[in-house]
Amino acid sequence: MRLTWEELGWERVAPRVGRRRLPDWDCTVGLVVGEGAALMIDAGSSLAEGGWLRAEAERLLGPERRVTHLALTHPHFDHVFGAAAFTDVEVFGAVGLDAVFAYEREELCADAVRNGLDPDAAAEAADLLVAPRHSVSGEWTLDLGGGLQVLLANVGPGHTGHDLAVLIPGAPGAPSPAEPPGSPASPARPAARAPLPSPASLASPEIVFCGDLVEESGEPQAGPDAVPSHWPAALDRLVDLGGEDAVYVPGHGAAVDAAFVRAQREELATRFGVS
């Protein structure tokens, strides 16, 4: 039996790109699938949730594929506390994220507990946090195979001092093959694997995962680690990155367009008294 994104609880936002809104804190995670690699965007709010997310993603990918990369959009518990479930993958974060994980674990744990995470689960996740292997100071291109290249961009500071966005380029329309070609390591795919079309099989816009720089389901949250004076400029960089026709995926809430991001930028500028 073939499994689709929707059958496993994901929302497909483009060929090879899906997202999932998690319970409790309505945090959004993403999955981007290339021919030989797969990128998870954010890791959930606990070790248990991270393990569940990885299992669900790899169930979608099929038995011969696995999650190979993880991008952490910013250092808040609901986005990073599941990261220890991905210890054998290549982990990316904005430069400085490693210092937060090394020296601010107690604060992350306390914030998680204040927001309702079980204290034992919070302590476990904080203890197991490992610094990202790769720190992004500007932009970093990931080649996921099959012609799919994903851009990681350090667009902050704003919501935090370490905000990372993920850009998946748009694809032109083309006839869709019955099955995507196999990767070099696996020329044939079993019939039961998820039907994931090749990156160029369907027309799609640019997709930008924004982390909590953008929120749709409520007012953007500015905690003690926010940098309000730079937040509007970070949203300018997001729109420059994706363009007018992109789909912007917030850290919380439904996907939005460039007009929504610009409007939220103006609201933040007014709220914080910056231009």
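For the structure given in this document, a descriptive report is provided here. Since the model is a prediction, treat every value here as computed from it, not as a measurement.

What counts and what doesn't
- Residues numbered from 1 in each chain as written.
- Predicted model: local features only at pLDDT ≥ 70, side-chain atom pairs only at ≥ 80, totals over all residues.
- Heavy atoms only, no water.
- Salt bridge = Lys/Arg side-chain N within 4 Å of Asp/Glu carboxyl O.
- Buried < 20%, exposed > 50% of the residue type's maximum accessible area, 1.4 Å probe, protein only.
- Axes fitted to C-alpha atoms, helices over the stretch in contact; angles between N-to-C directions.
- Helix = DSSP H or I, 4+ residues; strand = E, 2+ residues; numbered from the N terminus.
- Parallel < 35°, antiparallel > 145°, perpendicular 65-115°, else oblique.
- Left-handed = near helix turned anticlockwise from the far one by under 90°.
- Contact = heavy atoms within 4.5 Å.
- Nonpolar A, V, L, I, M, F, W, Y, C, P; charged D, E, K, R; others polar.
- Pairing = 2+ DSSP bridges.

Observations regarding the pattern of salt bridges
This structure, assessed with the given rule, holds 14 salt bridges. For Glu 11, the salt bridge is made with Arg 19, and the minimal N-O distance between the two is 2.9 Å. With relative accessibility at 37%, the residue Glu 11 sits in the partly exposed group. Of the residues examined, Arg 19 reaches a relative accessible area of 3% and is grouped as buried.

Description of the packing of helix 4 (residues 105-114) against helix 5 (residues 119-128)
Where helix 4 contacts helix 5, the two axes come as close as 9 Å, and the packing angle between them is 155°. Looking at the two axes, helix 4 sits roughly antiparallel to helix 5. Relative to helix 5, the crossing made by helix 4 is right-handed. Across from Arg 105, Cys 109, Ala 112 and Val 113 in helix 4, the residues of helix 5 making contact are Pro 119, Ala 122, Ala 123, Ala 126, Asp 127 and Leu 128. Classifying every residue of the contact of helix 4 with helix 5 gives 8 nonpolar, no polar and 2 charged.

Some words on the sheet that holds strand 11 (residues 207-209)
In any sheet, the strands associate via hydrogen bonds between backbone groups, in a parallel or an antiparallel arrangement. If you trace the 5 strands from one edge of the open sheet to the other, you get 8-9-10-11-12, paired in mixed fashion. For this open sheet the edge positions go to strand 8 (139-143) and strand 12 (247-249), each flanked by a neighbour on one side alone. Going from strand to strand, the sheet's axes swing by 20° on average, the running direction of each strand aside. Of the pairings in the sheet, the one linking strand 8 to strand 9 (residues 149-154) comprises 5 bridges and is antiparallel in character. Each bridged residue has a counterpart across the sheet, and for Asp 143 the counterpart in strand 9 is Gln 149.

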